Amino acid sequence: MSTILVIAEEKNHRIRNATLEVLTAAAGLAARDGDRVAVLLPSSAAVDDSASLAACGADRLFAALDPRLGVYHPDLYKQVVLNAVQACGADLLLFSATAMGRDLAPRVAVALSAPCLADCTEVTMQNGTLTATKPLFAGKVLGRFVVNGNRKVLSLRAGVFPIIERRPGAEIAPEPLPVPDSAFPLQVTPAAAPDAGRMDVADADVVVTGGRGLRSAENFTLVEELADALGGAVGATRAVVDSGWRPHREQVGQTGKVVSPNLYFMIGASGSIQHWAGMSGSRCIVAINKDPNAPIFQRADYGLLGDLFEIVPALTAEIKKRSA
Ligand SMILES: Cc1cc2nc3c(=O)[nH]c(=O)nc-3n(C[C@H](O)[C@H](O)[C@H](O)COP(=O)(O)OP(=O)(O)OC[C@H]3O[C@@H](n4cnc5c(N)ncnc54)[C@H](O)[C@@H]3O)c2cc1C
């Protein structure tokens, strides 16, 4: 029997959905071979919903609680993960392909001399052989890889794997994991929490993205109002971020975040291949554009041809009216 270790992430003392997705995938893999699933939670303090970890299939929970873990520190986090690997003897490590997971997974893989495959969208285990699929060349092709090695490190794309509570009501007793005292050369200082009231695009079920067609930062209130009416997050294209209209944390695409919401609105955005790389996993895409030849119309599920300054306020008003 072997162990799969899931590296968890929390936000505001709640387990992130991206972690529950990875955990569900881990539990699915473990169920085939009777393997165990351990979860490592590095955090400044205990979370409110650790039962969700048990419900989604965690057999063990290592809680590394230390105020220094309140902000991501690559060296310290790496050491904590290596300690957890030693504690449970894990031979497969699963991260979520979030900003933290993308940074941490390869560091851990190097320390373990293990292969690392990032941003996987499918993982299967058959007769002990691990096969993973991941998009390549900005999503133009899918690559399927057989991952060999005594230990393996993978990160899974957020929003692709469903969350399944296999053991509702299950409980789990956290096992404390000591945090190393070593002095690390890098010091990480917490930054001011960015726009705490707004949802992160990577966690949202609905994303409303605005592009250069909005013409100015001020006009983004149209995007914000539609996002609020739908209970969603605001996204942006790189053209918008480069213009300084929106912060980089909202950028979706090859050099931004990868999202897979149920509903993705694109307002005044052309649908470049680099943007597509970040949102092609969306389940339903709605495009609003005045150019009938905009590339996004070849890929969107629904297209609204016209001036966004007329369509968006009318759409927002109608949604508000229906949900009142
Ligand atoms: C290496 C590299 C990495 C990149 N990474 C990313 C990335 O991560 N994310 C990303 O988004 N881009 C990325 N880009 C940039 C990408 O190539 C595009 O330039 C960018 O996505 C275009 O943004 P846009 O759609 O907002 O602007 P545009 O392409 O200028 O499109 C604006 C659209 O608005 C429409 N429009 C204008 N006015 C109106 C109106 N009144 N009503 C309705 N529609 C209107 C126009 O018809 C047009 O289709 C990257 C580029 C490179 C080279």
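About the cut-offs
Residues numbered from 1 in each chain as written. Predicted model: local features only at pLDDT ≥ 70, side-chain atom pairs only at ≥ 80, totals over all residues. Heavy atoms only, no water. Helix = DSSP H or I, 4+ residues; strand = E, 2+ residues; numbered from the N terminus. Rg over C-alpha atoms; globule rule 2.2 N^0.38 Å. Buried < 20%, exposed > 50% of the residue type's maximum accessible area, 1.4 Å probe, protein only. Contact = heavy atoms within 4.5 Å. Areas by Shrake-Rupley, 256 points an atom, 1.4 Å probe, with all protein chains shown as cover. Lys, Arg positive; Asp, Glu negative; His and termini not counted. Charge placed at Lys NZ, Arg CZ, Asp CG, Glu CD. Domains from an automatic or database assignment. Buried area = accessible area lost by both parts, 1.4 Å probe. Salt bridge = Lys/Arg side-chain N within 4 Å of Asp/Glu carboxyl O. Near = heavy atom within 4 Å. Polar contact = N/O pair within 3.5 Å; in protein donor to acceptor, adjacent residues only side chain to side chain. 1 Å grid on protein atoms, 1.4 Å probe; cavity = no way out; pocket = protein on both sides within 12 Å on 5 of 7 lines; lining within 4 Å. Sits in = over half its atoms within 2 Å of the grid points. Nonpolar A, V, L, I, M, F, W, Y, C, P; charged D, E, K, R; others polar. Axes fitted to C-alpha atoms, helices over the stretch in contact; angles between N-to-C directions. Parallel < 35°, antiparallel > 145°, perpendicular 65-115°, else oblique. Left-handed = near helix turned anticlockwise from the far one by under 90°.

Broken down by element type, the protein chain carries 8 helices and 17 strands. A globule of 324 residues ought to have a C-alpha radius of gyration of about 20 Å, and the protein chain, at 21 Å, matches this closely. Dimensions of the protein chain, computed from the C-alpha atoms along their principal axes, are close to 60 × 40 × 40 Å. Expressed as a percentage of the 324 residues in the protein chain, the buried residues total 49%. The contacts in the protein chain between residues at least 6 apart in sequence include a share of 64% that link residues at least 24 apart. With the model as given, the accessible surface of the protein chain reaches about 15200 Å², and the carbon-plus-sulfur share is 50%. Distance between charge centroids for the protein chain: 5 Å, based on 31 positive and 33 negative side chains.

Here the focus is the domain arrangement of the protein chain. By the assigned domains, the protein chain splits into domain 1 (3–176) and domain 2 (206–323). Computed over C-alpha atoms only, the centres of domain 1 and domain 2 are separated by 31 Å. On the domain 2 side, the residues contacting the 7 residues of domain 1 number 7 residues. Both sides together, the interface formed by domain 1 and domain 2 hides about 610 Å², and carbon and sulfur atoms give 52% of it.

What follows is about the environment of Ile-164. Assignment of secondary structure puts Ile-164 in the loop between strand S11 (152–156) and strand S12 (175–176). Classification of Ile-164 by relative accessible area gives partly exposed; the value is 39%. Expressed as a C-alpha distance, the spacing of Ile-164 and Ser-260, which sit 96 residues apart in the sequence, is 17 Å. With residues up to four places along the chain from it excluded, the contact list for Ile-164 reads Thr-24, Ala-55 and Cys-56.

Okay, the side chain of Thr-3 next. Along the polypeptide, Thr-3 turns up in strand S1 (residues 3–7). Apart from the residues within four sequence positions on either side, Thr-3 is in contact with Arg-36, Ala-38, Cys-88, Ala-90, Asp-91 and Leu-92.

Counted by the stated rule, this structure contains 16 salt bridges. Here Arg-16 and Glu-9 are joined by a salt bridge, their closest N and O atoms 3.5 Å apart. Here Arg-16 matches Glu-9 in class, with each residue buried. Here Asp-66 and Arg-68 are joined by a salt bridge, their closest N and O atoms 3.2 Å apart. Residues participating in the shared-partner salt-bridge network are Glu-9, Arg-16 and Asp-203.

This brings us to the site of the ligand. The environment of the ligand is formed by 25 residues, the closest being Thr-237, Thr-255, Ser-270, Gln-274 and Asn-289. Arg-238 places a polar main-chain atom, nitrogen or oxygen, 2.9 Å from an oxygen atom of the ligand. Within the side chain of Gln-274, a nitrogen or oxygen atom sits 2.7 Å from an oxygen atom of the ligand. Judged by its atoms lying within 2 Å of the grid points, the ligand is housed in the second largest pocket. Those elements giving two or more residues to the shell around the ligand turn out to be helix H6 (238–242), helix H7 (273–279) and helix H8 (308–323). Of the residues assigned to the shell around the ligand, the class counts are 5 nonpolar, 15 polar and 5 charged.

All right, on to the packing of helix H5 (residues 221–230) against H8 then. Contact geometry for H5 and H8: axes closest at 9 Å, N-to-C directions at 25 degrees. Between H5 and H8, the crossing angle belongs to the class labelled roughly parallel. Crossing handedness for the pair H5 and H8: left-handed. Residues Leu-222, Glu-225, Leu-226, Ala-229 and Leu-230 of H5 pack against Leu-308, Phe-309, Val-312, Pro-313, Leu-315, Thr-316, Ile-319 and Lys-320 of H8. Here the residues of the contact of H5 with H8 are counted per class, giving 10 nonpolar, 1 polar and 2 charged.

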